[in-house]
Amino acid sequence: MTCERYWREGVVLAERGLDDPHREGCLDCARAHASRQELLEALPLIGADIPEDPYWQARVWERIEGTAARPPWRWRWQLAGALAAAAALLLWIGVGRDRSGRDQPDEVRPSVEVTESDVPIRSTVVNGNHRHTGHVRDHLLAKAGATSEIRIYRENHLVLQCPSPQASAECVRDPHLTTVDLLLSVPGTYDVIIIGAPFTLPPNRPDEDVAALESAALSYEEHIVVIR
Amino acid sequence: MAMWKKPAGDVEPTVHDEDEIHAALRANDLRRALTLLMNRYGDEVYRFAYAMTRSRHLADEVRQQVFVEVYRDLTGFAGRASFRAWLLGITRHRCLDATKKHRRWTNRFKNEPPLDEELDEHELERDVDRSKLAKILAACLAKLAPAARDAVVLRYHQDLSYDEASAIAGDQAGTLQQRVARALPVLRRCVDARLHAGAPR
């Protein structure tokens with residue numbers, strides 16, 4: 001008999017809490033049993049060494065308070081659609097008025113670069129998706145038109161919104177350009193969403209933003225930046 | 001043979017804890033009840049979610065969702081199951097949702113899945129300590145079929161009896177037992193292969 005017997009039959013007995021007389025006299029099976037025990041004793045340790053996040057409860061409360069204040073999803077989508085249509089109309093009226101009076105600057109094409117000492121690096125477009133890679137301490141440089149909004153998420157959490165109610169050094173806006181220059185100090189997957197027109201829905205999660213943008217038929221560009 | 005201890009934070013819930021939560025519920029003090037539940041079970045929910053998803057980010061996200069959901073449903077908690085079983089049941093569902101959603105998201109953007117938080121190869125030396133073994137185990141668990149992973153995690157990560165695990169997973173206790181018995185040799189082989197290779201894949 002080899003320990004194969006243990007993994008085939010002995011382990012079933014052990015799971016049922018039954019005695020396995022064979023194991024007493026079989027060194028291989030006794031070793032296999034000890035190896036199973038080692039496995040079982042290590043299993044509860046999975047995730048045990050992950051550092052505690054002191055703010056997780058605060059985020060739960062934030063979500064609870066946010067959820068209570070929000071209208072139901074159905075209304076949110078309809079509201080988003082209506083607001084987006086109103087914004088598009090205002091933009092159209094504004095552009096028409098400007099065009100009649102004076103020259104408009106060229107529409108700024110949205111761009112995202114990961115730069116190392118101001119040198120663009122490692123940017124590719126894979127299957128139509130904008131994908132960039134970089135390292136910690138690289139800079140993420142995003143540019144878009146003056147009426148655009150740039151949202152940057154890391155692992156689904158909002159890192160930066162430009163423009164935003166709070167002033168930030170990373171976000172610069174002038175009459176022609178919205179620019180973000182963000183030092184990437186934390187590794188992870190960043191999601192950069194550049195929205196082509198004013199977007200009234202508050203930042204949530206990138207997939208929810210994208211769903212809302214698609215639902216409102218607003219133009220946007222999405223870039224994935226992986227920082228190692 | 002090394003004998004591992006359970007993590008220090010893993011304290012069995014006392015009747016006192018549960019009583020306090022029930023008292024808060026009776027007083028309709030939902031905020032206090034949720035605070036007590038988060039204090040008591042927050043780590044456990046997180047570690048369970050991590051074992052199921054193998055992603056710190058998803059585990060964190062799941063934990064938040066679970067407690068938001070719990071707050072919403074606290075008034076309807078009938079007390080048929082323990083708070084722990086109730087929480088783990090919700091966590092399990094949210095983990096399944098989160099992994100599905102995550103898969104759709106990464107497929108869409110052809111992005112590297114952060115689900116597989118691969119270990120730093122340099123981190124893994126021949127002399128494997130307990131946390132490294134736990135990381136290897138987490139990687140091997142992720143390779144198991146979801147039903148088998150469910151059974152192993154509920155039984156041995158959460159230390160539930162087969163009957164308790166059965167109430168959460170919705171499968172017969174005997175079925176779970178069979179799944180665990182079949183999964184353990186697979187896990188052992190996977191762990192051995194990774195230990196001998198010196199780095200996880």
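Everything discussed here concerns the structure shown above.
This section reports on the structure supplied with the text. Since we're looking at a predicted model, the values are computed, not measured.

### Some details on the overall build of chain B
Move 1: The helix and strand inventory of chain B stands at 8 helices and 0 strands.
Move 2: Going from the N terminus to the C terminus, chain B shows its helices and strands as α-α-α-α-α-α-α-α.
Move 3: Counting all 201 residues of chain B, 53% fall into the buried class.
Move 4: A fraction of 64% describes how many contacts in chain B between residues 6 or more apart in sequence connect residues 24 or more apart.
Move 5: With an accessible surface of roughly 9,800 Å², chain B has 49% of that area assigned to carbon and sulfur atoms.

### Re the nonpolar core
Move 1: The biggest cluster of nonpolar side chains holds 80 residues, and the ones touching the most others in it are I46 of chain A together with L34, L37, F67, V70, L74 and L187 of chain B.
Move 2: Looking at this core, the element that brings in the most residues is helix α2 (residues 30–53) of chain B, giving 14 residues.
Move 3: Once you skip the residues sitting within four places of it in the chain, F67 of chain B turns out to touch W56, V60 and I64 of chain A together with L34, L37, M38, Y41, G42, V45 and L87 of chain B.
Move 4: If you look at the next biggest cluster of nonpolar residues, it comprises 18 residues, including V114, C162, V192 and I194 of chain A.

### Description of the interface of chain B and chain A
Move 1: Facing 57 residues of chain B, the contacting portion of chain A comprises 51 residues.
Move 2: Counting each side, the surface lost to burial between chain B and chain A is near 5,100 Å², with a carbon and sulfur contribution of 61%.
Move 3: Linking chain B to chain A there are 5 salt bridges.
Move 4: The closest approach of N and O atoms between R205 of chain A and E61 of chain B, which form a salt bridge, is 3.1 Å.
Move 5: For the pair chain B and chain A, the interface holds 16 residue pairs in polar contact (both at pLDDT 80 or more).
Move 6: If you list the elements that add at least two residues to the side of chain B that touches chain A, you get α2, α3 (56–73), α4 (83–109), α5 (130–143), α6 (146–157) and α8 (173–197) of chain B.
Move 7: Counting residues per element, the side of chain B that touches chain A draws most heavily on α2 of chain B, which supplies 11 residues.
Move 8: Considering only residue class, the side of chain B that touches chain A consists of 30 nonpolar, 11 polar and 16 charged.

### Examining the side chain of H57 of chain B
Move 1: For H57 of chain B, the position within the fold is in helix α3.
Move 2: On the accessibility criterion, H57 of chain B (16% relative accessible area) is buried.
Move 3: Of note is the side chain of H57 of chain B, whose polar atom sits 3.1 Å from the backbone oxygen of E155 of chain A.

### Overview of the pattern of salt bridges
Move 1: A complete count under the given rule lists 21 salt bridges over all chains for this structure.
Move 2: Salt-bridge contacts for R179 of chain B lead to D171 of chain B; the nearest nitrogen and oxygen are separated by 2.9 Å.
Move 3: A relative accessible area of 22% places R179 of chain B in the partly exposed class.
Move 4: Assessed through its relative accessible area of 25%, D171 of chain B is described here as partly exposed.
Move 5: A cluster of three or more residues bridged by salt bridges with shared partners is formed by R63, R205 and D207 of chain A together with E61 of chain B.

### Structural notes on the packing of α6 of chain B against helix α7 (residues 162–169) of chain B
Residue and element names in this part refer to chain B.
Move 1: Viewed as axis vectors pointing N to C, α6 and α7 meet at an angle of 135°, and their least axial separation amounts to 9 Å. Compared by their axis directions, α6 and α7 come out oblique. Considering only the axes of α6 and α7, their crossing is right-handed. Packed against α6, whose contacting residues are D150, L154, R155 and Y156, the element α7 presents Y162, A165, I168 and A169 at the interface.

### Here's the deal with unusual backbone geometry
Move 1: C162 of chain A connects to P163 of chain A through a cis peptide bond whose omega is -5°.
Move 2: When you line up the elements, P163 of chain A lands in the loop between β7 (157–162) and β8 (171–173).
Move 3: Even without being glycine, R137 of chain A reaches a positive phi, approximately 85°.
Move 4: Summarising the element assignment, R137 of chain A is placed in the loop between β4 (129–134) and β5 (139–145).
Move 5: Accessibility expressed as a relative area gives 57% for R137 of chain A, which makes it exposed.
Move 6: A positive phi is found at N28 of chain B, a non-glycine position, where the angle reads about 60°.
Move 7: For N28 of chain B, the location among the structural elements is in the loop between α1 (15–26) and α2.

### So, the packing of aromatic side chains
Move 1: The full count for this structure, using the stated rule, is 4 aromatic pairs over all chains.
Move 2: Ring geometry for W56 of chain A and F67 of chain B: centres 5.5 Å apart, planes at 45°, overall tilted. Separated into two different chains, W56 of chain A in helix α4 (residues 56–69) and F67 of chain B in helix α3 make up a pair that spans both. With respect to burial, W56 of chain A and F67 of chain B carry one shared label: buried.
Move 3: When the centroid spacing of 4.5 Å and the interplanar angle of 20° are considered together, the rings of F77 of chain B and F83 of chain B count as stacked.
Move 4: For F83 of chain B, a relative accessible area of 0% puts it in the buried group.
Move 5: What links up through ring pairs into an aromatic cluster is the set F77, F83 and W86 of chain B.
Move 6: Here the guanidinium or amino end of R31 of chain B rests over the ring plane of W61 of chain A, the centre of that ring lying 4.1 Å away.

Quick notes on the rules
- Residues numbered from 1 in each chain as written.
- Chains lettered and ligands numbered in written order.
- Predicted model: local features only at pLDDT ≥ 70, side-chain atom pairs only at ≥ 80, totals over all residues.
- Heavy atoms only, no water.
- Helix = DSSP H or I, 4+ residues; strand = E, 2+ residues; numbered from the N terminus.
- Buried < 20%, exposed > 50% of the residue type's maximum accessible area, 1.4 Å probe, protein only.
- Contact = heavy atoms within 4.5 Å.
- Areas by Shrake-Rupley, 256 points an atom, 1.4 Å probe, with all protein chains shown as cover.
- Core = buried A, V, L, I, M, F, W, Y, C linked by side-chain atoms within 4.5 Å.
- Buried area = accessible area lost by both parts, 1.4 Å probe.
- Salt bridge = Lys/Arg side-chain N within 4 Å of Asp/Glu carboxyl O.
- Polar contact = N/O pair within 3.5 Å; in protein donor to acceptor, adjacent residues only side chain to side chain.
- Nonpolar A, V, L, I, M, F, W, Y, C, P; charged D, E, K, R; others polar.
- Axes fitted to C-alpha atoms, helices over the stretch in contact; angles between N-to-C directions.
- Parallel < 35°, antiparallel > 145°, perpendicular 65-115°, else oblique.
- Left-handed = near helix turned anticlockwise from the far one by under 90°.
- Phe/Tyr/Trp six-rings, centres within 6.5 Å; stacked < 30°, edge-to-face > 60°.
- Lys NZ or Arg CZ within 6 Å of the ring centre and 35° of its normal.

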